[in-house]
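Take a look at the letters that make up each chain.
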Amino acid sequence: MKRDSGYNTRQKENLLDFLINNKERHTSVQEISAFLTNAGTPMGMATIYRQLDKLVENGVVRRYVLDGKSGACYQYIGADSGCHEHYHLKCVRCGKLIHFDCDFLSGINRHILEHHGFNVDSSQTVFYGKCSNCSKGGAE
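Residues numbered from 1 in each chain as written. Predicted model: local features only at pLDDT ≥ 70, side-chain atom pairs only at ≥ 80, totals over all residues. Heavy atoms only, no water.

### Some thoughts on the packing of aromatic side chains
What describes a pair of aromatic rings is the distance from one ring centre to the other and the angle between the planes of the rings. Applying the stated rule across the entire model yields two aromatic pairs. On the basis of an interplanar angle of 35 degrees and a centroid distance of 4.8 Å, the ring pair of phenylalanine 18 and phenylalanine 35 is categorised as tilted. Residue phenylalanine 18 is found in helix H1 (residues 9-21), and its partner phenylalanine 35 is found in helix H2 (residues 29-38); the two are separated by 17 residues along the sequence. With a centroid separation of 5.8 Å and an interplanar angle of 50 degrees, the aromatic rings of tyrosine 87 and phenylalanine 127 are classed as tilted. (Phe/Tyr/Trp six-rings, centres within 6.5 Å; stacked < 30°, edge-to-face > 60°. Helix = DSSP H or I, 4+ residues; strand = E, 2+ residues; numbered from the N terminus.)

Structure follows, in structure tokens:
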């Protein structure tokens, strides 16, 4: 994203810096808003969504909508889009969302496409279960 001059430039820079510094994980608009407020550059939710939409449109940020209950989350991927698509693991107990990149699953994608004519969108594919921390607590 170009760091343009004009109104709210500091807010936009802080938003982009937050995304870059958290590029290894998905972030929510609420997390971004809390960060900007704590940084002394609060930004309205509508403005955050608008800025994120521009970043998604420019290919700098990827938007994930993982289920019908949760809001979208965002991840910085950079202009060169070196981040390839990956699956997600979502803990049904604590809500943790984990990036899951597995060569085995890319083989399943190929099989499904070649034998069933269906192209899986791995960025929208979520496996639900319990993370290792929650599994230690035993079965419910």
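Structure's up, so let's keep going.
### Quick notes on helix H3 (residues 45-57)
Between the first and last C-alpha of H3 there are 18 Å, a value that for 13 residues agrees with the 18 Å anticipated at 1.5 Å per step. Burial in H3 covers these residues: Ile48, Gln51, Leu52 and Leu55. With its buried residues spanning 100 degrees around the axis, H3 presents them on a single face. Residues Ala46 and Glu57 are exposed on H3 and point more than 90 degrees away from its buried face. Residues of H3 that are buried in the fold lie against H1, H2, strand S1 (61-64) and strand S2 (73-76). Downstream of H3 by one or two residues, glycine 59 has phi in the positive range, about 80 degrees. (Expected span 1.5 Å × (residues − 1). Buried < 20%, exposed > 50% of the residue type's maximum accessible area, 1.4 Å probe, protein only. Arc of directions from axis to C-beta. Contact = heavy atoms within 4.5 Å.)

### Brief notes about the sheet that holds strand S4 (residues 97-100)
One open sheet accounts for three strands, arranged S4-S3-S5; its pairing is mixed. Single-partner strands in this sheet number two, and they are S4 and strand S5 (126-129). Looking at each pair of strands side by side, their axes are set apart by 25 degrees on average, direction ignored. Pairing analysis gives four bridges linking strand S3 (residues 87-91) to S4, with the strands arranged antiparallel. The residue bridging lysine 90 from the neighbouring strand is leucine 97, located in S4. (Pairing = 2+ DSSP bridges. Axes fitted to C-alpha atoms, helices over the stretch in contact; angles between N-to-C directions.)

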